[in-house]
Amino acid sequence: MTEGRNGMAATALAAAHETAGAMAEQFGAAVLRTHESNGQVMVEVAADRAKAILRWLREDASQDFDYLTDVTAVEYRDPERAFEVVYQLRALARRVDLRVKVLLDPEGALQVETVTDIWAGAEWLEREVWDMFGVRFKGHADLRRILMWQTYDEGHPLRKSFPLRGHRSRSEQTRQALDANPEAHYTLEELSIAEAYHELPEEMRRRLVESGRRAAE
Amino acid sequence: MGLTPPPGPGGEHDLFETVSPNWVTTRLDFLANWARSNSLWPMPFGTACCAIEFMATAASRYDISRFGMERMSFSPRQADVLICAGRLPFKLAPVIRRIWDQMPQPKWAISMGACASTGGIFDTYAMVQGIDTIIPVDVYVPGCPPRPEGLLYGVMLLQKKIRGESISDPSLRIEHLVQPDGLFRRPEIIDEISEPFGNSVSQTRSS
Ligand code: SF4
């Protein structure tokens, strides 16, 4: 059993290395570095080609990374590699994981292109990265805060320059929080899955109807 | 000590505002407090890990219904005691405040756990440093999380407090509203009770 598991992990790792090799072949200098750590293959790519590379990973038939596990960002105290946006990908059928990193300059404009048109699930993940780190995702249709409330104006909390307790005094934070008036920013429709039914994929709607959880139209 | 209370300056309607404690009011107090303290309907405001312990308190082993609290009141309008079980982020501050305002008098609040009472380990940008900066609190239950016995002890303390209440003291039923300046307490008090303590004093404010 364990041997079977290990064997599978080794195959997946080899497949990830293969993907990294294919990426380097396809995109040349845009693939900056590949390395392996803790059973993860990581590929650093140039910011200006990142979208094309991610699209290729999703759409190329031999790659088929159809699941975007996470989008996040990391800020280091290292001037060499100060800030990166991280995409964690998975090919569900092939059971291969790949981590793609985009290096950004924290002093410059923190901006990358959205991948919501490649993986729809990126929408909230990118909103979270915007909220916490202040990375702008160009082309994102609805780039609002998602964890902090809409009127929060102290900045982006996970940046290194952000003090742990926030910029303002506790009483001022309390005042602003009590003043936030959530209803002004989130509609009931937004919070209700029933309203989102028509936007669900065809297949998911069919399953809801077939399982009796939703009346047919 | 007569059976009829002396009329107050505002006439009959001021009955409860003006009477001093006498035989009638103390008997009424006893009856009302007995009824209230033994049928506290909790409004569970479970936000984090403490809520798990709160659920354990409500389940059969610890059985909070022994204290007349078996009916969790998920509508604040039918609740008597708000139990904040877990840390309260600033984003939820207007929500708990609204729920508190919606609860009819008489009402009480229990702050369950270190986080609800003081912010606990979360001395960060996101966390209210004690729900008593948002709403008035009657009983603080310490612990991270408090054991069910701890919460039950807090409930018993609250019952004791209720049994000591009197209708001749109208100040108990004053609504503590958010003031026009948008705060529930004076800003310097909020700043003072939110000061870091314990391990977090060694963290500086500037990053
Ligand atoms: S006091 Fe402890 S158990 Fe309760 S919410 Fe805070 S961290 Fe969780």
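Residues numbered from 1 in each chain as written. Chains lettered and ligands numbered in written order. Predicted model: local features only at pLDDT ≥ 70, side-chain atom pairs only at ≥ 80, totals over all residues. Heavy atoms only, no water.

Check the secondary structure of chain B and you find seven helices and four strands. Along chain B, helices (α) and strands (β) appear in the sequence α-α-β-α-β-α-β-α-β-α-α when read from the amino end. Per-residue burial for chain B yields a buried fraction of 44% across its 207 residues. By sequence separation, contacts in chain B at least 24 residues apart represent 76% of the contacts at least 6 residues apart. For chain B, the exposed area adds up to about 10900 Å²; of that, 61% sits on carbon and sulfur atoms. (Helix = DSSP H or I, 4+ residues; strand = E, 2+ residues; numbered from the N terminus. Buried < 20%, exposed > 50% of the residue type's maximum accessible area, 1.4 Å probe, protein only. Contact = heavy atoms within 4.5 Å. Areas by Shrake-Rupley, 256 points an atom, 1.4 Å probe, with all protein chains shown as cover.)

Within the largest apolar cluster, 70 residues are counted, with the highest numbers of intra-cluster contacts made by Leu57(A), Tyr87(A), Val135(A) and Leu82(B). Here this core spans two domains, since at least three of its residues come from each of domain 1 (1-147) and domain 2 (148-180) of chain A. When near neighbours in sequence (up to four residues on either side) are disregarded, Leu57(A) contacts Thr19(A), Met23(A), Gln63(A), Asp64(A), Phe65(A), Leu89(A), Leu98(A) and Val100(A). By size, the runner-up hydrophobic cluster in this structure holds 22 residues, among which are Ala51(B), Phe54(B), Val139(B) and Leu151(B). (Core = buried A, V, L, I, M, F, W, Y, C linked by side-chain atoms within 4.5 Å. Domains from an automatic or database assignment.)

Here we take up the site of the ligand. All names here are of chain B. Around the ligand lies a shell formed by Ala48, Cys49, Cys50, Gly86, Arg87, Ala114, Cys115, Gly143, Cys144 and Pro145. Only α3 (49-58) and α5 (113-118) provide two or more residues apiece to the shell around the ligand. In terms of residue class, the shell around the ligand is made up of seven nonpolar, two polar and one charged. (Near = heavy atom within 4 Å. Nonpolar A, V, L, I, M, F, W, Y, C, P; charged D, E, K, R; others polar.)

The next point concerns the pattern of salt bridges. Tallied over the entire structure, the rule returns 23 salt bridges over all chains. Across the pair Arg165(A) and Asp123(B) runs a salt bridge whose closest N-O atoms are separated by 2.7 Å. Taken together, the positions of Arg165(A) in the loop between β7 (136-138) and α4 (170-178) and Asp123(B) in the loop between α5 and β4 (139-141) put the pair across two chains. Neither Arg165(A) nor Asp123(B) differs from the other in exposure class; each is buried. Within this structure, Arg33(A), Glu44(A), Arg81(A), Glu84(A) and Lys101(A) form a network of salt bridges that share partners. (Salt bridge = Lys/Arg side-chain N within 4 Å of Asp/Glu carboxyl O.)

Let us now look at the interface of chain B and chain A. Each partner contributes to the interface: chain B provides 29 residues, whereas chain A provides 29 residues. Summing the contributions of chain B and of chain A, the shared interface buries around 2400 Å²; its carbon and sulfur component is 57%. The tally of links between chain B and chain A comes to two salt bridges. In this structure, Asp123(B) and Arg170(A) form a salt bridge, with 3.0 Å as the shortest nitrogen-oxygen distance. Here chain B and chain A share nine residue pairs in polar contact (both at pLDDT 80 or more) between them. When residues of the side of chain B that touches chain A are traced back to their parent elements, those giving at least two are α4 (93-102) and α7 (187-193) of chain B. Counting residues per element, the side of chain B that touches chain A draws most heavily on α4(B), which supplies five residues. When grouped by side-chain class, the residues that make up the side of chain B that touches chain A number twelve nonpolar, ten polar and seven charged. (Buried area = accessible area lost by both parts, 1.4 Å probe. Polar contact = N/O pair within 3.5 Å; in protein donor to acceptor, adjacent residues only side chain to side chain.)

It is worth spelling out α4(B) at this point. Turning to α4(B), its buried residues number three or more, namely Ala93(B), Pro94(B), Ile96(B), Arg97(B), Ile99(B) and Trp100(B). Packed against the buried residues of α4(B) are α4 of chain A together with β1 (42-46), β2 (81-85) and β3 (108-112) of chain B.

This brings us to the environment of Gly113(B). Residues and elements named next belong to chain B. Inspection of the secondary structure assignment puts glycine 113 in helix α5. Since its relative accessible area comes to 0%, glycine 113 is described here as buried. Each C-alpha atom of the pair glycine 113 and aspartate 63 lies 19 Å from the other, and the pair is 50 residues apart in sequence. If near-sequence neighbours (up to four positions away) are discounted, glycine 113 is found in contact with Cys50, Val141, Gly143 and Pro146.

Turning our eyes to something else, we now look at the confidence of the model for chain B. Residue and element names in this part refer to chain B. Looking at chain B, pLDDT values average 83 and 85% of them are 70 or higher. Predicted confidence is poor over residues 1-12, with pLDDT under 50, and the contacts of this stretch with residues over four places away or in other chains come to nine contacts. Model confidence for the complex: the whole-complex pTM is 0.79, and ipTM, which rates the interface, is 0.77. (pLDDT = per-residue confidence, 0-100.)

This paragraph deals with the environment of His17(A). Residues and elements named next belong to chain A. Its location among the elements puts histidine 17 in helix α1 (residues 2-27). Each C-alpha atom of the pair histidine 17 and histidine 35 lies 8.9 Å from the other, and the pair is 18 residues apart in sequence. If near-sequence neighbours (up to four positions away) are discounted, histidine 17 is found in contact with Glu36 and Val41.

The next thing to look at is the sheet that holds strand β2 (residues 40-45) of chain A. All names here are of chain A. If you walk across this open sheet you meet the five strands as β1-β2-β5-β4-β3, and the pairing is mixed. The open sheet has two edge strands, β1 (31-37) and β3 (67-75), and neither has a second partner. Neighbouring strand axes in the sheet, compared pairwise and without regard to direction, differ in orientation by 20 degrees on average. With eight bridges joining them, β3 and strand β4 (residues 83-91) adopt antiparallel strand pairing. For tyrosine 67, the partnering residue across the bridge sits in β4 and is arginine 90. Along the sheet, helix α3 (residues 122-133) contacts β3 and β4; its crossing angle with β3, the most-contacted strand, is approximately 5 degrees. (Pairing = 2+ DSSP bridges. Axes fitted to C-alpha atoms, helices over the stretch in contact; angles between N-to-C directions.)

So, about the pairing of β1(B). Residues and elements named next belong to chain B. By the criterion of burial, β1 is predominantly enclosed, with four of the five residues buried. As defined by bridge partners, β1 adjoins β2 across five bridges and the pair is classed as parallel. Within the sheet, the bridge partner assigned to methionine 43 lies in β2 and is leucine 82. Between β1 and its parallel partner β2, the chain crosses via α3, and the hand of that crossover is left-handed. (Right-handed = clockwise from strand over helix to strand, strands pointing away.)

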